[in-house]
Amino acid sequence: MPELVFFSGTMDCGKSTLALQIEHNRSARGLAGMIFTRDDRAGEGKLSSRLGLVTDAVEVEDGMDLYAYLVDHLSRGRRADYVIADEAQFLAPDQIDQLARVVDDLGLDVYAFGITTDFRSKLFPGSQRLVELADRVEVLQVEALCWCGARATHNARTIGGEMVVEGAQVVVGDVNQADAVGYEVLCRRHHRRRMTAASARAAALSPDVLPVQPA
Ligand SMILES: [Zn+2]
């Protein structure tokens, strides 16, 4: 039976790497994939992973009907044996419904990859719809780590290394940038305390928190 599978996780948990691995394994067996993405870090029409691998993809636009796109593709005699949707958190809920229809009416497996929650720890609308509709939700096992070493379960948005909790849900940035908008994965404890790696370093250097030496 074809399935809609949602591979979910934090940023940096290896989602895009797994998407590329699935693509590689199936194309090695002679299968053709339709790859959708949106706002990938490598630019429009690309699916890339942090490990440096990249492949071409179809950039999803606002209002694009993914089911109709596949029907049109197939009706022109082109192949699509399965579908990958990366950065699925950025898709509209309607577009997730269209992916479910691809599974049910076209009989194709759809593998969606996305971040579950945003920097305020709220579900992205696309991810919420995937949780509602997916046949299976797989939480990725390649676990990202907080600076403290604990399992990172939350995404933080940073500006100059400091965590912010206000702003638009989607601002495309990159991890490890010094002063622009960046992202960092944290454990829940440090997400709640808004303590990023940079602020933890600053706190460790502050004389206020040095242990008092016995005289
Ligand atoms: Zn932590």
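Cut-offs applied
- Residues numbered from 1 in each chain as written.
- Predicted model: local features only at pLDDT ≥ 70, side-chain atom pairs only at ≥ 80, totals over all residues.
- Helix = DSSP H or I, 4+ residues; strand = E, 2+ residues; numbered from the N terminus.
- Buried ≥ 20, exposed ≤ 12 C-beta atoms within 10 Å, placed from the backbone.
- Contact = placed C-beta atoms within 7 Å.
- Domains from an automatic or database assignment.
- Nonpolar A, V, L, I, M, F, W, Y, C, P; charged D, E, K, R; others polar.
- Core = buried A, V, L, I, M, F, W, Y, C linked by C-beta atoms within 7 Å.
- Pairing = 2+ DSSP bridges.
- Axes fitted to C-alpha atoms, helices over the stretch in contact; angles between N-to-C directions.

Quick word on the overall build of the chain
- Along the chain, the regular secondary structure elements total 6 helices and 12 strands.
- For the C-alpha atoms alone, the extent of the chain along its principal axes is close to 80 × 30 × 30 Å.
- A burial count over the chain gives 35% of its 215 residues as buried.
- Put simply, 72% of the contacts in the chain that link residues at least 6 apart link residues at least 24 apart.

Points about the domain arrangement of the chain
- Examined at the domain level, the chain breaks down into domain 1 (1–142) and domain 2 (143–202).
- Centre-to-centre, using C-alpha coordinates, domain 1 lies 25 Å away from domain 2.
- Each partner contributes to the interface: domain 1 provides 15 residues, whereas domain 2 provides 17 residues.
- Taken together, the residues of the side of domain 1 that touches domain 2 sort by class into 6 nonpolar, 4 polar and 5 charged.

Brief notes about the nonpolar core
- Judged by nonpolar contacts, the single largest core of 31 residues is most densely connected at A85, L99, V110 and A112.
- Excluding residues that lie within four positions of it along the chain, V110 makes contacts with L4, V83, A85, L99, V102 and V103.
- By size, the runner-up hydrophobic cluster in this structure holds 8 residues, among which are F119, C146, A156 and C187.

Some points on the sheet that holds strand β8 (residues 136–139)
- The strand order β5-β2-β6-β7-β1-β8 describes an open sheet built from 6 strands, whose pairing is parallel. Looking at the sheet topology across the chains shown, the edges are occupied by β5 (58–59) and β8.
- Of the strand pairs in this sheet, strand β6 (residues 82–85) and strand β7 (residues 109–115) are connected by 4 bridges, and their pairing is parallel. Across the sheet, residue I84 finds its bridge partner in β7, namely Y111.
- The strands that helix α3 (residues 93–106) touches are β1 (4–9), β6 and β7; relative to β7, the one it contacts most, it runs at about 155°.

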